[in-house]
Amino acid sequence: MLLQNGYCVTLTGRRGELLEAAASESDVGSDAVLCHAADLRHSEEVDRLFDAVIARFGRIDLLFNNAGIGARAVDVDELEISEWQAVLDTNVHGAFLCARRAFGQMKAQDPKGGRIINNGSISAYVPRVNSAPYTVSKHALAGLTKSTAVEVVQDGITANAVCPGVTKTTMNNRRLEYDEQRTGMTFEELEKNASPLGRRLVPDEVAALTVFLATEGASGINGQLLNVCGGRVLAA
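Residues numbered from 1 in each chain as written. Predicted model: local features only at pLDDT ≥ 70, side-chain atom pairs only at ≥ 80, totals over all residues. Heavy atoms only, no water.

## A word on the overall build of the chain
Part 1: When helices and strands are tallied, the chain shows eight helices and six strands.
Part 2: When the helices and strands of the chain are listed from N to C terminus, the series reads β-α-β-α-β-α-β-α-β-α-α-α-β-α.
Part 3: Buried residues in the chain amount to 41% of all 236 residues.
Part 4: At a minimum sequence separation of 6, the contacts of the chain that also span at least 24 residues come to 71%.
Part 5: Each charge sign in the chain was given a centre, from 23 positive and 29 negative side chains, and these centres are 3 Å apart. (Helix = DSSP H or I, 4+ residues; strand = E, 2+ residues; numbered from the N terminus. Buried < 20%, exposed > 50% of the residue type's maximum accessible area, 1.4 Å probe, protein only. Contact = heavy atoms within 4.5 Å. Lys, Arg positive; Asp, Glu negative; His and termini not counted. Charge placed at Lys NZ, Arg CZ, Asp CG, Glu CD.)

## Overview of helix H5 (residues 170-183)
One turn of an α-helix holds 3.6 residues; hence residues three or four places apart share an orientation.
Part 1: If you check H5, its first and last C-alpha atoms are 20 Å apart, about what 14 residues at 1.5 Å a residue would give, namely 20 Å.
Part 2: Those residues of H5 lying buried are Asn172, Arg175, Leu176 and Asp179. For H5, the angular spread of buried residues about the axis comes to 100°, placing them on one side. Across from the buried face of H5, at angles greater than 90 degrees, the exposed residues are Thr170, Arg174 and Gln181. (Expected span 1.5 Å × (residues − 1). Arc of directions from axis to C-beta.)

## Some thoughts on the side chain of Thr135
Part 1: Position of Thr135 among the secondary structure elements: in helix H4 (residues 132-152).
Part 2: Given a relative accessible area of 8%, Thr135 falls into the buried group.
Part 3: Residue contacts for Thr135: discarding those within four places in its chain leaves Ser123, Pro127 and Arg128.

These results come straight from atomic positions and should not be treated as a statement about function.
Written out as structure tokens, the structure reads:
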């Protein structure tokens with residue numbers, strides 16, 4: 001959606017072939033897209049990523065912190081420490097490393113300014129059973145969003161978080177399959193109960209808010225956690 005709105009976009013993640021596949025789905029010319037494989041848990045790889053973006057496009061106007069994983073849906077005492085650490089390393093530490101580099105670039109460039117948008121979750125308000133690592137990480141991301149917002153605003157930068165509800169993704173499909181076994185409800189019933197809308201959200205509904213937050217019209221929005229959940233938080 002950012003490409004459709006005229007942005008040059010860098011896609012990053014650990015698997016380069018998936019980045020290329022995602023880029024190929026757009027009908028925008030290849031000059032507007034950079035695919036750069038990186039493991040965002042490691043500062044040196046984040047530095048190489050940002051150096052590549054600046055070399056290619058000259059500046060950074062928007063960071064969308066979207067990297068995130070979950071852990072096995074089990075009780076806390078059954079979690080391996082490595083599973084807990086993997087979620088925090090990706091969802092929190094990786095987001096911090098990217099926000100850190102983006103802030104530095106945005107306040108140094110001419111003209112300075114930009115947008116930092118974190119992909120949060122309503123899990124920061126409405127935790128699910130057997131989701132401690134993911135839920136904790138989204139609480140932490142809310143804190144990162146707010147603390148970043150008060151630091152960056154003097155440099156023409158805003159920091160906000162988009163907090164999706166139950167959204168139709170591969171990760172959420174796995175969660176609903178687990179909930180089928182846990183609750184005895186069917187997949188279709190779980191989808192219907194996902195929000196007061198009677199359905200799950202779709203990614204484009206979340207992306208639309210992200211695109212708006214990147215615009216000049218959103219320059220007065222800073223430090224906010226913005227829910228896209230069909231009213232689930234209100235109904236919880």
